[in-house]
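Listed below are the residues making up each chain.
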Protein chains: 2
Amino acid sequence: MAYEQPHVDVAALTALLDGRYADVRELVRTNLVKYAGVLEEQETLSTDEFRDRVRDLVVELAATGQTGMGFPEEYGGGGDIGASIAAFETLAFGDLSVLVKVGVQFGLFGGAILQLGTKRHHDAYLADLVTGRLMGCFAMTETGHGSNVQALGTTATYDAGAGEFVIHTPDDSARKDYIGNAGRHADVAVVFAQLEIGGESEGVHAFVVPLRRDGAVLPGVGIEDDGPKMGLNGVDNGRIWFDHVRVPREALLDRFASVSEGGEYSSPIESRNRRFFTMLGTLVQGRVCVGGASINAAKVALTIALRYAVRRRQFEATGPDEEQLLLDYGMHQRRLLPLLARTYALHFAQEVVASDLHTVFSGDVDDERARRALESRAAGTKALGTWHGTRTIQECREACGGAGYLAVNRFAALKADTDVFTTFEGDNHVLLQLVAKGLLTDYAGEFEDMDQLGMARFVAGLAVETVVERTSVHKLLERLRDVLPGGDEWDQEAGLLDPNYQLAMYRFREEHMIAGVARRLKRGIDDGMNPGEVFSRVQDHVIGAARAHVERLVLEAFVDKLAGLEDGDQKVALGLLCDLHALHGLEQDRAWFMEHGRMPSARAKAITREVADLCRKLRPFAVDLADAFGVPDEMLRSPDLVG
Amino acid sequence: MAYEQPHVDVAALTALLDGRYADVRELVRTNLVKYAGVLEEQETLSTDEFRDRVRDLVVELAATGQTGMGFPEEYGGGGDIGASIAAFETLAFGDLSVLVKVGVQFGLFGGAILQLGTKRHHDAYLADLVTGRLMGCFAMTETGHGSNVQALGTTATYDAGAGEFVIHTPDDSARKDYIGNAGRHADVAVVFAQLEIGGESEGVHAFVVPLRRDGAVLPGVGIEDDGPKMGLNGVDNGRIWFDHVRVPREALLDRFASVSEGGEYSSPIESRNRRFFTMLGTLVQGRVCVGGASINAAKVALTIALRYAVRRRQFEATGPDEEQLLLDYGMHQRRLLPLLARTYALHFAQEVVASDLHTVFSGDVDDERARRALESRAAGTKALGTWHGTRTIQECREACGGAGYLAVNRFAALKADTDVFTTFEGDNHVLLQLVAKGLLTDYAGEFEDMDQLGMARFVAGLAVETVVERTSVHKLLERLRDVLPGGDEWDQEAGLLDPNYQLAMYRFREEHMIAGVARRLKRGIDDGMNPGEVFSRVQDHVIGAARAHVERLVLEAFVDKLAGLEDGDQKVALGLLCDLHALHGLEQDRAWFMEHGRMPSARAKAITREVADLCRKLRPFAVDLADAFGVPDEMLRSPDLVG
């Protein structure tokens, strides 16, 4: 059947993308437009004025209900976790200081009270924090400890005589650092500290600690502004330290552990490690939110760059009198359209992780395995989504030339504000190590009791030999063979546009890389090498395996979405995007497939040709596909680029 | 012979890197330290205050002689073009608004007066502009025309009655835009405009046009500030438009064309195209400067990230009590050390292009071929150097985690300020097309009369068929076979660390890609396809070929440098860097080599292993290699990262 260019109904495609929470997303869009002035205020106000403006705006948004959707209705919330993710993601079309301030107040601070606290804490804080009357911060990260939370230095020593915890910062490296909302606005902090009772350490726990009253910092508390940042200057990040600050016994957020008046420690979870990771696991929402926000920030950049590319002419190409549109250049298509396709893929992958989050956190079933799967998927999607955001915004800015450099054209703020997303809520490399660890321990058949943060500790610690021993390399290799649906030549005969072919290739890479990592770890340990050295040598392979895993999940999400659509133009258009995403991914990693005997060079070249062909097919309606993201015109703010 | 870790003498390596102009570089370093306060002022002053501060600083630097080294001694300059490049590059260790302001005033404005003007203009302007008493700008780019200078819209109509040119901006798209120094400080502009005499157009020429007197904008001139930018906010970029502004006949910079009182046009260069490109060719210094500056900005980022990576510990890996240093992680080595090696490679490549520039512009011989080779090399090195700068700074920032996001730690400014380097002084993609055109026309044996800016016009215009016809595909394929020094298997038997092997691979790729481009262009035209369409389809191949060419030049520069060194530890250390650079380049493009039958997959895997091995060998003295760049400590400005 000859190819016929599909007609894209932009509104219908927006409805598909918006999905279940279309009304929530519309509310947020309306609010974004209403407060569009903040995009300019970011430039024109002084830092303090802008921070206060952002705080006020967050409170005003709270009044519309959009920021409290994840909290129980009895405290003024919306009682729908999925809705709260949708609202947050959509907010990322606008100023990102507002987004991050919302994330800190309702996601991190509010989320900690909700997830780690019990009814006492909910009653005391939720209603006020949902309206923004009570501003709070989330004091986990320390100057000397970034991604390694278990090693943090702040202490909370129980004084049984007084029935109080004494919160203390022993040295500068134990200062809480980069804490959003701390510099200026937070009244109270959820502080993560090493709990000590009678000289015994019980590990990291969270405490509610007042910071300010009527705007004045309380005695024993030190706060220092983190100063100007690359971006997000509407958020007041700061450093906090405590000099023997006393809080009542009730300040311990005691859902997973409590301390009796007499100083007896008890917890429903016996293993200390498992308790720690259960606590952290409840905070997974932050990662889901950051990943989704990055994907949506990429949509803003793409909308600007694509609209510009069909307006701007450069050099005569088709005739002496008319310069050619940028998007008619093959190179320009190559730069932007695979990013557009990947944005769609990540959008649908994000839809899956957000829906999983909703299911796990709304359900009464405490399914450990589903939680672990969610945490892994959230970590992986966050890493891929944030890297994609950084890369897409950079490419789009360059594709808009000098005008893209002027602050009036949105890119300056977009770039600077999103840049930290790759390192906050968990450094992307550390997150991918976490994903890899899950994959390996899945095979090994045990994981509940294991350190989740940091492949380094995991591989290097005592656990490594056990795990690697139990990881049956044979079993892995068998699974590998099962991945490809037919004989050895199957993949070379399948059509490039067959989703089964594409998925089989992604799966093969994933399984092969995981098996390879397990083998290399085992061999290193068997050879008597220092575990740190073993890990150091295998680390890029570990991260590559995790990435391959998440890439497969992303492609699957897109293919699944397509499979559920009715035949028609929309499906054809999305099918082209899905093919472009899948094949561009194979093209980028074709060296690996060739090295592993799964892609003859003629086929690799065919894939490259197909990618170019898909770009040409998408070019006529590429702007429609971007417009379907539904970024409000007011949020583009690029007078020189899109008019 | 067993490998023995070399001892790096940092001072001796700095001397090698500084080369011929070590004293000039030392002067600039001294000045950088003296005015180090500007790194803070960039944050603390208001925009207007900071711009004035930068202007004052530029004038103070001028008094030390460092900014005027490229001008003739009789006008207060240093009479040494190579010295002026060395000074500019070194200045890139510091605040980049200062750098760009210097580039605008002395490179673009001063360079135009010097290169396009004659004695009359030199006498009138040089002495004053060398001291900074006269501030000027370079008004070429227009809102509607970025890289396509021949199409610009500003007109200069000769009024023979009055003996004056009338400078006029016909519409908004013809406004001069993004012009540095225009927003606030420039007294005068060199304006590029279409010269019209008696209704005849003579093409683009340059005119000296006054903009301000005593700070007030002159009648008929409109100036608008470009507003806040992503970075470089110490430079006052602006838009300029002219409403029938009259300037005397002598305002034409008349080295390459003059207009008699009666309105007779004459030029020593007959062809209009050639005249245009000869004019532009004299301005090549700007590209050489921007490329060198980007490479040096990358050095600052690497110095910070590497020093941080041997201070910061993260996660226990070797024992339960001590966290491992970041640089001991294989992934961290992989992220930073190939960038370090490439920075060295680009440094030496830049040394060659700067030296070529000095030779061509200092010599009396007007060797057309040398000029074209210089222009091509300058364009290519600028593209690779600026992309490398952007990528390195980004990777280093991420490798420094959250602290890298705080403005106090230098990355914010480094990132924001350098971001535009990839698009100014010629968009990198357009520049690589220029390189490709040179390569193709070299084969075709004629180029002098051809449009140099924009492969698009070149391929699409009438010239294309002629060129492609004359491009002997046979000849190309023969050359290709000659590239490999031995039989068909030679490259598979050679040692990976043999520079002849590495260079042969780079050469093979280059020749093969150029031949492929020529073939594809010819086939498209032969098939009767629209030339614009042909070009669009081949464009990424065109750019790939140019990139392959420049990569070969870069590797050759490094290999040549090594060959000239005496045996010893320094040569061993640089040899490791050169191998890492060469093999990492092959690794990254191994798909291409596999597709073209020049790299069996076992060899590809061996290269990957060798890259990891080289990283491990370099790790113990990686910081020494960065320290040898000689970035003054005061320029690192990262208290949280390097203390």
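- If you look chain A up in an unreviewed UniProt entry, it shows as acyl-CoA oxidase from Nocardioides guangzhouensis.
- Per UniProt, chain A carries the Subcellular location (unreviewed entry) text "Peroxisome".

**What to know about the overall build of chain A**
Argument step 1. A tally of helices and strands in chain A yields 25 helices and 15 strands.
Argument step 2. Among the 643 residues that make up chain A, the fraction classed as buried is 64%.
Argument step 3. A total of about 22,400 Å² of accessible surface is found on chain A, and carbon and sulfur atoms cover 48% of it.

**Digging into the pattern of salt bridges**
Argument step 1. For the structure shown, the criterion picks out 86 salt bridges over all chains.
Argument step 2. Between Glu587 of chain A and Arg334 of chain A there is a salt bridge; the shortest N-O distance is 3.0 Å. Of the two residues, Glu587 of chain A sits in helix α20 (residues 569–588) while Arg334 of chain A sits in helix α10 (residues 330–362), which places them 253 residues apart along the sequence.
Argument step 3. Owing to a relative accessible area of 18%, Arg334 of chain A belongs among the buried residues under this scheme.
Argument step 4. Residue Glu375 of chain B is joined to Arg372 of chain B by a salt bridge in which the shortest nitrogen-to-oxygen separation is 3.4 Å. Placement of both Glu375 of chain B and Arg372 of chain B in helix α11 (residues 368–399) is noted, with a separation of three residues, approximately one turn of the helix. For the residue pair Glu375 of chain B and Arg372 of chain B, the accessibility class agrees, reading buried in each case.
Argument step 5. One continuous salt-bridge network, built from bridges that share partners, spans Asp177, Glu224, Asp226 and Arg239 of chain A together with Asp640 of chain B.

**Looking at α10 of chain A**
Argument step 1. For α10 of chain A, which comprises 33 residues, the first-to-last C-alpha distance of 47 Å matches the rise-based estimate of 48 Å (1.5 Å per residue) to within 8%.
Argument step 2. With respect to burial, α10 of chain A is a largely interior element, 27 of its 33 residues being buried.

**Section: the relation of the copies chain A and chain B**
Argument step 1. Note on the copies: chain A fits chain B at an RMSD of 0.0 Å, the axial shift is 0.0 Å, and the rotation between them is 180°. This pairing of chains is accounted for by a two-fold axis. Taking C-alpha positions as reference, the residue of chain A nearest the rotation axis is Ala591 of chain A, located at 2.1 Å.
Argument step 2. A high fraction, 100%, of the interface residues of chain A reappear at the interface in chain B, so the copies pair face to face through one surface.

**Here we look at helix α22 (residues 601–618) of chain B**
All names here are of chain B.
Argument step 1. Here α22 is 18 residues long and its end C-alpha atoms lie 26 Å apart, about the 26 Å a rise of 1.5 Å per residue gives.
Argument step 2. Where α22 is concerned, the buried positions are Arg603, Ala604, Ile607, Glu610, Val611, Leu614, Cys615 and Leu618. In a view along the axis of α22, the buried residues occupy a sector of 140°, so they form one face of it. Opposite the buried face of α22, at more than 90 degrees from it, the exposed residues are Ala602 and Arg609.

**Digging into the UniProt feature "domain: Acyl-CoA dehydrogenase/oxidase N-terminal" (unreviewed entry) in chain A**
Argument step 1. Annotation from UniProt places "domain: Acyl-CoA dehydrogenase/oxidase N-terminal" (unreviewed entry) at residues 24–132 of chain A.
Argument step 2. Structurally, residues 24–132 of chain A comprises 73% helix and 0% strand, and the distance from its first C-alpha atom to its last is 20 Å.

**Description of the sheet that holds strand β10 (residues 238–242) of chain B**
Residue and element names in this part refer to chain B.
Argument step 1. If you trace the three strands from one edge of the open sheet to the other, you get β4-β10-β9, paired in antiparallel fashion. The open sheet has two edge strands, β4 (176–179) and β9 (221–225), and neither has a second partner. For this sheet, the mean angle separating the axes of adjacent strands, direction not counted, is 20°.
Argument step 2. As judged from the two bridges shared by β4 and β10, these two strands associate in the antiparallel manner. For Ile179, the partnering residue across the bridge sits in β10 and is Gly238.

**Description of the packing of aromatic side chains**
Argument step 1. The tally for this structure, following the rule as stated, stands at 20 aromatic pairs over all chains.
Argument step 2. Ring plane angle 75° and centroid distance 4.9 Å describe the contact between Phe276 of chain A and Phe277 of chain A, whose orientation is recorded as edge-to-face.
Argument step 3. Taking relative accessible area as the criterion, Phe276 of chain A reaches 4% and is therefore assigned buried.
Argument step 4. Arranged with centres 6.4 Å apart and planes meeting at 45°, the rings of Tyr344 of chain B and Phe348 of chain B form a pair that is tilted. Taken together, the positions of Tyr344 of chain B and Phe348 of chain B, both in helix α10 (residues 330–362) and four residues apart, correspond to about one turn of that helix.
Argument step 5. Classification of Tyr344 of chain B as buried rests on a relative accessible area of 0%.
Argument step 6. Cluster of aromatic residues (ring-pair linked, three or more members): Tyr344, Phe348, Phe558 and Phe629 of chain A.
Argument step 7. In this structure, Arg371 of chain A is placed above the aromatic ring of Phe361 of chain A, and the distance from its NZ or CZ to the ring centre is 4.9 Å.
Argument step 8. Positioned over the ring face of Phe508 of chain A is Arg598 of chain A, at 5.3 Å from the centre of the ring.

**Examining the interface of chain A and chain B**
Argument step 1. At the junction of the two partners, chain A supplies 81 residues and chain B supplies 81 residues.
Argument step 2. Each partner contributes to the roughly 6,400 Å² buried at the junction of chain A and chain B, and carbon and sulfur atoms together form 54% of this total.
Argument step 3. Where chain A touches chain B, the interface holds ten salt bridges.
Argument step 4. For Arg239 of chain A, the salt bridge identified is with Asp640 of chain B, shortest N-O distance 3.8 Å.
Argument step 5. For the pair chain A and chain B, the interface holds 36 residue pairs in polar contact (both at pLDDT 80 or more).
Argument step 6. Ranked by residues supplied to the side of chain A that touches chain B, first place goes to helix α19 (residues 531–563) of chain A with eight residues.

**Thoughts on the environment of Val550 of chain A**
Residue and element names in this part refer to chain A.
Argument step 1. Relative to the helices and strands, Val550 is located in helix α19.
Argument step 2. For the pair Val550 and Ala15, spaced 535 residues apart in the sequence, the C-alpha separation amounts to 26 Å.
Argument step 3. Those residues in contact with Val550, other than ones at most four positions away along the chain, are Gly380, Thr381, Leu384, Leu432 and Val435.

**Regarding the sheet that holds strand β4 (residues 176–179) of chain A**
All names here are of chain A.
Argument step 1. An order of β4-β10-β9 is seen for the three strands of this open sheet, with the pairing classed as antiparallel. Edge positions in the open sheet fall to β4 and β9 (221–225), since each of these has one partner strand only. Between one strand and the next, the sheet's axes are offset by a mean angle of 20°, whatever the strand orientation.
Argument step 2. Inspection of the sheet shows β9 paired to strand β10 (residues 238–242) by five bridges, in the antiparallel sense. Counterpart to Val221 in the pairing with β10 is Phe242.

**Quick word on unusual backbone geometry**
Argument step 1. Of note in this structure, Glu425 of chain A is not a glycine but carries a positive phi near 55°.
Argument step 2. Relative to the helices and strands, Glu425 of chain A resides in the loop between α12 (411–418) and α13 (428–444).
Argument step 3. At His244 of chain B, a position not held by glycine, the phi torsion is positive, near 50°.
Argument step 4. Along the chain, the position of His244 of chain B falls in the loop between β10 and β11 (245–248).

**Comments concerning the side chain of Asp18 of chain A**
Residues and elements named next belong to chain A.
Argument step 1. Within the secondary structure, Asp18 is located in helix α1 (residues 10–18).
Argument step 2. On the accessibility criterion, Asp18 (8% relative accessible area) is buried.
Argument step 3. Here the side chain of Asp18 touches Arg29 through a polar contact of 2.8 Å, side chain to side chain.
Argument step 4. Once you skip the residues sitting within four places of it in the chain, Asp18 turns out to touch Arg25, Glu26 and Arg29.

**Quick look at the environment of Gly111 of chain A**
All names here are of chain A.
Argument step 1. Residue position: Gly111 is located in helix α6 (residues 96–116).
Argument step 2. The exposure class assigned to Gly111 is buried, which follows from its relative accessible area of 13%.
Argument step 3. Note: C-alpha distance between Gly111 and Arg547 (436 residues apart in sequence) is 28 Å.
Argument step 4. Ignoring sequence-local partners within four residues, the contact set of Gly111 consists of Phe71, Phe106, Leu116 and Leu283.

**With respect to the environment of Ala11 of chain A**
Residue and element names in this part refer to chain A.
Argument step 1. Looking at the secondary structure, you find Ala11 in helix α1.
Argument step 2. Overall, the relative accessible area of 58% leaves Ala11 in the exposed class.
Argument step 3. Sequence-wise, Ala11 and Glu224 are 213 residues apart; in three dimensions their C-alpha atoms are separated by 48 Å.

Each value, and the rule that gives it
- Residues numbered from 1 in each chain as written.
- Chains lettered and ligands numbered in written order.
- Predicted model: local features only at pLDDT ≥ 70, side-chain atom pairs only at ≥ 80, totals over all residues.
- Heavy atoms only, no water.
- UniProt positions renumbered as here; feature names shortened; annotations may be inferred.
- Helix = DSSP H or I, 4+ residues; strand = E, 2+ residues; numbered from the N terminus.
- Buried < 20%, exposed > 50% of the residue type's maximum accessible area, 1.4 Å probe, protein only.
- Areas by Shrake-Rupley, 256 points an atom, 1.4 Å probe, with all protein chains shown as cover.
- Salt bridge = Lys/Arg side-chain N within 4 Å of Asp/Glu carboxyl O.
- Expected span 1.5 Å × (residues − 1).
- Least-squares fit on C-alpha atoms with pLDDT ≥ 70 in both.
- Contact = heavy atoms within 4.5 Å.
- Arc of directions from axis to C-beta.
- Pairing = 2+ DSSP bridges.
- Axes fitted to C-alpha atoms, helices over the stretch in contact; angles between N-to-C directions.
- Phe/Tyr/Trp six-rings, centres within 6.5 Å; stacked < 30°, edge-to-face > 60°.
- Lys NZ or Arg CZ within 6 Å of the ring centre and 35° of its normal.
- Buried area = accessible area lost by both parts, 1.4 Å probe.
- Polar contact = N/O pair within 3.5 Å; in protein donor to acceptor, adjacent residues only side chain to side chain.

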